[in-house]
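Summary of the model geometry
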Amino acid sequence: MIKVFLEKNQSLEDFKKLDLHPTSWSGSMVGEYTKRLMFYNVLKEVIPSGIDFILHVEEIEKRCESLENSIEHSKKRDFMDNY
């Protein structure tokens, strides 16, 4: 569906507004962040190639980097919470 959206609408601002994952979860955030990271990595492969979508891919890469940092932070917090 996202590929179809991008074929019809190349606006980066509209793309940023898409709600791409659920906002509720239970348990450790590590699992949720990992699922989101895997989703974004797949999404990068779905985004059409070409100059019109370079900024879209950059946005996804920024989100992936942020998630990787969040995973590490959450792992540390989970470890500290257990002791």
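The rules behind each value
All residue numbers here refer to positions counted from 1 along the written sequence of the relevant chain. Totals for whole chains, interfaces and linings use every residue, but because this is a predicted model, local features are given only for residues with pLDDT of at least 70 and side-chain atom pairs only at 80 or more, for both listing and counting. The basis for every side-chain value is the complete set of non-hydrogen atoms in the structure, without hydrogens or water. Secondary structure is summarised from DSSP: a helix means a run of H or I of at least four residues, a strand means a run of E of at least two, and numbering begins at the N terminus for each. Radius of gyration: C-alpha atoms only; globule rule: 2.2 Å multiplied by the number of residues to the exponent 0.38. Buried Ala, Val, Leu, Ile, Met, Phe, Trp, Tyr and Cys residues form a nonpolar core when they are joined through side-chain atoms within 4.5 Å. Burial classification: accessible surface area is computed with a 1.4 Å probe over protein chains only, and a residue below 20% of its type maximum counts as buried, one above 50% as exposed, and the rest as partly exposed. Here an axis means a line fitted to C-alpha atoms, over the contact stretch when the element is a helix, while the angle between two N-to-C directions is reported on a 0 to 180 degree scale. For this classification, under 35 degrees means roughly parallel, over 145 means roughly antiparallel, 65 to 115 means roughly perpendicular, and everything else is oblique. Left-handed describes a crossing whose near helix is turned anticlockwise from the far helix through less than a right angle; right-handed describes the clockwise counterpart. Ten residues, namely Ala, Val, Leu, Ile, Met, Phe, Trp, Tyr, Cys and Pro, are considered nonpolar, four, namely Asp, Glu, Lys and Arg, are considered charged, and the remaining ones, Gly among them, are considered polar.

Description of the overall build of the protein
Tallying secondary structure elements over the protein gives four helices and zero strands in all. Each helix and strand of the protein, placed in order from N terminus to C terminus, yields the pattern α-α-α-α. Relative to a compact globule of 83 residues, whose C-alpha radius of gyration would be 12 Å, the protein shows 15 Å and is clearly more extended. Taken along the three principal axes of its C-alpha coordinates, the protein extends 50 × 20 × 20 Å.

A look at the nonpolar core
Core analysis: the biggest nonpolar cluster contains 17 residues, and Ile-2, Leu-6, Phe-15, Tyr-40, Leu-43, Ile-47 and Ile-60 have the highest contact counts within it. Of all the secondary structure elements, the ones that give two or more residues to this core are helix H1 (2–8), helix H2 (12–17), helix H3 (29–46) and helix H4 (54–81). Considering every element that reaches this core, the biggest residue donor is H3, with six residues.

As for the packing of H3 against H4
Where H3 meets H4, the axes come as close as 9 Å, and the angle between the chain directions of the two elements is 160°. With respect to their mutual orientation, H3 and H4 come out roughly antiparallel. Considering the relative orientation of H3 and H4, their crossing is left-handed. Looking at side-chain class alone, the contact of H3 with H4 contains eleven nonpolar, four polar and eight charged residues.

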